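Architecture and fold: a report
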Amino acid sequence: MSDLEHLVTAYADLYLELMRTVDRRMAEQGASLSRTKLLLCLQKRGALRATDIAEFFNQSPRTVTEAVDGLERDGLVERKPDPEDRRAKFIHVTQKGHEAAAKTEPLRRQLIDQTFGTLTKEEQATMLRLLNKVASNLTKADHAG
């Protein structure tokens, strides 16, 4: 395995362990990471169509529809018609959805702080710069290919 393979493996392992830990801790509080991620996405980006959500999370439209169905059933989101396309619906976060996401935010923030708080401010800035550099290069390679 090349040195770069070790780097990719370490990055993937860290990401997966962080997601498992957040998911497990959220489940202990009766929440779900996948539901929270969808709610946070809608809060940050505004109302989206299911196709846009599927593309953002790289999931099948069916998977997103099922997730949105569950959130809608629980009153956390609602579908509203797209004024420009009668066939499409925008998914909006309800007040109850905002409240549900807000309840999980302290735990999510705590776990992120515990994970990356071991780095000094300087190390955090370096890590962010390096991740952005790698991501930018990946985006360029993707668009060139």
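So, a few notes on the structure that sits alongside this text. (Residues numbered from 1 in each chain as written. Predicted model: local features only at pLDDT ≥ 70, side-chain atom pairs only at ≥ 80, totals over all residues. Heavy atoms only, no water.)

Structural notes on the sheet that holds strand β2 (residues 77–82)
Note on sheets: strands pair through backbone hydrogen bonds, and any given pair is parallel or antiparallel. One open sheet holds the three strands; their spatial order is β1-β3-β2, and the pairing between them is antiparallel. With one partner strand each, in any of the chains shown, β1 (48–49) and β2 form the two edges of the open sheet. Both β1 and strand β3 (residues 85–93) contribute to a ladder of two bridges, which runs antiparallel. Of the residues in β3, the one forming a bridge with R49 is F90. (Pairing = 2+ DSSP bridges. Helix = DSSP H or I, 4+ residues; strand = E, 2+ residues; numbered from the N terminus.)

Observations concerning the nonpolar core
One finds L39, L42, I53 and V77 to be the most contacted residues of the largest nonpolar core, which totals 16 residues. Among the elements of the structure, α2 (33–45), α3 (50–57), α4 (61–73) and β3 are those that each provide at least two residues to this core. Counting residues per element, this core draws most heavily on α2, which supplies five residues. With near-sequence residues (within four places) excluded, L42 lies in contact with A47, L48, I53, V77, I91 and V93. Core analysis: the second largest hydrophobic core is formed by six residues, V22, M26, L33 and L107 among them. (Core = buried A, V, L, I, M, F, W, Y, C linked by side-chain atoms within 4.5 Å. Buried < 20%, exposed > 50% of the residue type's maximum accessible area, 1.4 Å probe, protein only. Contact = heavy atoms within 4.5 Å.)

Considering the layout of surface pockets
Approximately 1,300 Å³ is the volume attributed to the largest pocket. If you trace the largest pocket, you find 33 residues lining it, with Y11, Y15, F116, M127 and L131 closest to the centre. Of all the elements, helix α6 (residues 121–144) adds the most residues to the lining of the largest pocket, at 11 residues. In the lining of the largest pocket, the residues fall into 24 nonpolar, three polar and six charged. Counted as a void, the second largest pocket has a volume near 250 Å³. Surrounding the second largest pocket, 13 residues form its lining, G30, A31, A100, K103 and T104 being those nearest its centre. Those elements that place two or more of their residues in the lining of the second largest pocket are α2 and α5 (95–116). Residue composition of the lining of the second largest pocket, grouped by class: four nonpolar, five polar and four charged. (1 Å grid on protein atoms, 1.4 Å probe; cavity = no way out; pocket = protein on both sides within 12 Å on 5 of 7 lines; lining within 4 Å. Points joined across faces, edges and corners; volume = space filled by probe spheres on them. Nonpolar A, V, L, I, M, F, W, Y, C, P; charged D, E, K, R; others polar.)

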